[in-house]
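This is what each chain is made of:
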Amino acid sequence: MAAETLLTESALGWSIFTIILLVILAFCWVYIRKFQSRQESEAVSTITAICALAVALITSALLPVDIFLVSFMKYPNGTFQEWAADNVTRAKIEDSVLYGYYTLYSIILFCVFLWIPFVYFYYEERDDDNINKCSQVKNALKYTIGFAIVCIALLLIGAFVPLEPPRQNTTQWEKVQYLFEELGSSHGIPALSFSISSLTLIGMLAVITYTAYGMSVLPLNLIKGTRSVAYERLENTEDMDDVEQQIENLKSKCKDGRPLSSRDRRSLHELEGKLQVLRRRSRHLEIAESNCCTKVGSALRPFKIVLGIFFILVALLFIVALFISNLDKALHSAGISSGFVVFGTNLTNPLNELLLVLQPVFPLDYILITVITVYFVFTSMAGIRNMGIWFFWIRLYKIRPKRTRPQALLFLCMILLLIVLHTSYMIYSLAPQYVMYGSQKYLLQLPPLDNTTLSTTRSCDADAPQDQCTVTRSYLFLHKFWFFSTIYYFGNWAFIVTFLIGLVVSCCKGKKSVIEGEVEADDSDLSDDEYIH
């Protein structure tokens, strides 16, 4: 009976997984097509961007599944379910989750170090009209080899970095033998872990930059809304009249045949370029005023305000929970040498407590942890959308609807892949106890009273017996190398500071234009006509 129930639930799980996969692929296709430039679109870059974005979203969904599986092994009374009572069965389930992590993380390694760089450089070589397809492939492979070398170097370093120090008073040869024994006993899994953790550090920088800013700018943009189309058209018309008058004044200087000075010619050229941009803005504003989407957006204005207030409250909850978690680590951990790891929670964390309170009402806690994961991904997208793609102080690409270059979309997907890698640690920092054990409970034996054995049910924590509570594979993966945990700890403080700065900047900014990002000075007339039609 238990086996039949398990098979039924497994079949249901696979059906749900298939539906979620189809939804993710459909969303990725719509998202990429929305921002993709119609002029420069190419099948290879489009398929690569869609697949990379899908891998990022699927990987982000693995943490809620991990938490659900360890929680589903036990009944609410703290006893194991029949199908999970055997240690061998539990080990198989845990290993399947672990292999799922390593499979998806291996795909991310392949995308970041091989596939996306190859497609990026292949497209860059396409700009040269005098080069054939064979030369394009050769040159792209040549540049991709550099990324492959970095990947191999990380795998080698991870393979020979022991998780535990070798015994003291040993010879150099014995130390080398110890390293190879460690590699053989672990089947090279630490090599993959080290490579992924190294990429997670880059993802941490992307989270600090884009996700922190997206968490502040997304809700405030919803609350503030956009400027009035009619007012923008009036303002744009006045600017056009002003620029046209300045152009006429400059041209009047050469009516008697005298040439313009170099300064006046430069000013005339700048004014003509400005007038061209204003005319394009006028066309876009005219279309926006008659667009049904603009009218629907105005009708949904109250809903957007409520949604924006909800998002800013969620963001503040995250920041408070992250601050308390980091403060707990600073006060109760062994410090840098231990990676600031804390077993259990010593300070009351609001988000962790909320998840524990929702446990009795299935499946509210799983819905909340899924919403948190999706929230991180979408605020990251919002941050990249608003900031563009930067390399330090140099802006590389802009992300705009129907105007984004294929290279920019590839960069966007690579950044999202890296952000997803760090998302698991961020969520662990927000709710450490829940991410470690989910909703598991265990039976605690109380001192006997009148020869009667008493027991009570408690939520799993660091004090629980090891054979009574199963730790999620995500937690074990995150804390395989202590020095990465140390860096993540300081990264959380940087995330809090960046969010607060972004919140102040977003509050000081005015309302966005209704055609924000549609018209730029460096756009061509051809792309503008294509966008309008």
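Residues numbered from 1 in each chain as written. Predicted model: local features only at pLDDT ≥ 70, side-chain atom pairs only at ≥ 80, totals over all residues. Heavy atoms only, no water.

**Some details on the overall build of the protein**
Secondary structure assignment for the protein yields 18 helices and 4 strands. Burial analysis of the protein (533 residues in total) assigns 45% to the buried set. Put simply, the protein shows about 27800 Å² of open surface, and 64% of that area lies on carbon and sulfur atoms. (Helix = DSSP H or I, 4+ residues; strand = E, 2+ residues; numbered from the N terminus. Buried < 20%, exposed > 50% of the residue type's maximum accessible area, 1.4 Å probe, protein only. Areas by Shrake-Rupley, 256 points an atom, 1.4 Å probe, with all protein chains shown as cover.)

**Quick word on helix H14 (residues 406–430)**
Over its 25 residues, H14 runs 35 Å from end to end, which matches the ideal 36 Å to within 8%, given 1.5 Å per residue. Its axis deflected by about 30° at His422, H14 carries its strongest bend there. Extensive coverage of H14 is indicated by the burial of 24 of its 25 residues. (Expected span 1.5 Å × (residues − 1). Bend = angle between axes of the 7 residues up to and from the residue.)

**So, the pattern of salt bridges**
Enumeration over the complete set of coordinates arrives at 3 salt bridges. For Glu235, the salt bridge goes to Arg227, with nearest N and O atoms at 2.7 Å. (Salt bridge = Lys/Arg side-chain N within 4 Å of Asp/Glu carboxyl O.)

**Thoughts on the pairing of strand S2 (residues 394–397)**
As a general feature of sheets, a regular strand has side chains that alternate between the two faces. With 3 bridges joining them, strand S1 (residues 389–391) and S2 adopt antiparallel strand pairing. Counted as the bridge partner of Phe391 is Ile394 from S2. A loop of 2 residues connects S1 with S2, the two strands running antiparallel in sequence, and Phe392 in this loop sits at a positive phi of about 60°. (Pairing = 2+ DSSP bridges.)

**Looking at the packing of helix H2 (residues 43–60) against helix H3 (residues 62–72)**
Contact geometry for H2 and H3: axes closest at 4 Å, N-to-C directions at 25°. By the angle class used here, H2 and H3 are roughly parallel. Mapping the contact onto sequence places Ile58, Thr59 and Ser60 in H2 and Leu62, Leu63 and Pro64 in H3. (Axes fitted to C-alpha atoms, helices over the stretch in contact; angles between N-to-C directions. Parallel < 35°, antiparallel > 145°, perpendicular 65-115°, else oblique. Contact = heavy atoms within 4.5 Å.)

**Overview of the packing of H3 against helix H4 (residues 87–126)**
With their axes 11 Å apart at the nearest point, H3 and H4 run at an angle of 175° to one another. With respect to their mutual orientation, H3 and H4 come out roughly antiparallel. Judged by residue contacts, Leu62, Leu63, Asp66 and Leu69 of H3 engage Ile93, Val97, Gly100, Tyr101 and Leu104 from H4. Split into classes, the residues belonging to the contact of H3 with H4 amount to 7 nonpolar, 1 polar and 1 charged. (Nonpolar A, V, L, I, M, F, W, Y, C, P; charged D, E, K, R; others polar.)

**Structural notes on the nonpolar core**
Within soluble globular proteins, side chains that are nonpolar generally end up buried alongside one another. With 113 residues, the main nonpolar core has Phe318, Ile372, Phe376, Ile384, Leu417 and Phe495 as its most contacted residues. Of the residues forming this core, the biggest block, 18 residues, is contributed by H14. Aside from chain neighbours lying at most four places away, what touches Ile384 is Tyr210, Ile389, Ile399, Leu412, Ile415, Leu416 and Ile419. (Core = buried A, V, L, I, M, F, W, Y, C linked by side-chain atoms within 4.5 Å.)

**Considerations on the packing of aromatic side chains**
For the coordinates displayed, the defined rule picks out 22 aromatic pairs. Taking the centre distance of 5.0 Å and the plane angle of 50° together, the rings of Tyr31 and Phe35 count as tilted. With Tyr31 and Phe35 both in helix H1 (residues 2–35), this residue pair falls 4 residues apart, about one helical turn. The same class applies to Tyr31 as to Phe35, namely buried. With a centroid separation of 5.6 Å and an interplanar angle of 80°, the aromatic rings of Phe323 and Trp493 are classed as edge-to-face. Taken together, the residues Phe323 in helix H11 (residues 301–332) and Trp493 in helix H17 (residues 482–508) connect sequence positions 170 residues apart. For Trp493, a relative accessible area of 25% puts it in the partly exposed group. (Phe/Tyr/Trp six-rings, centres within 6.5 Å; stacked < 30°, edge-to-face > 60°.)

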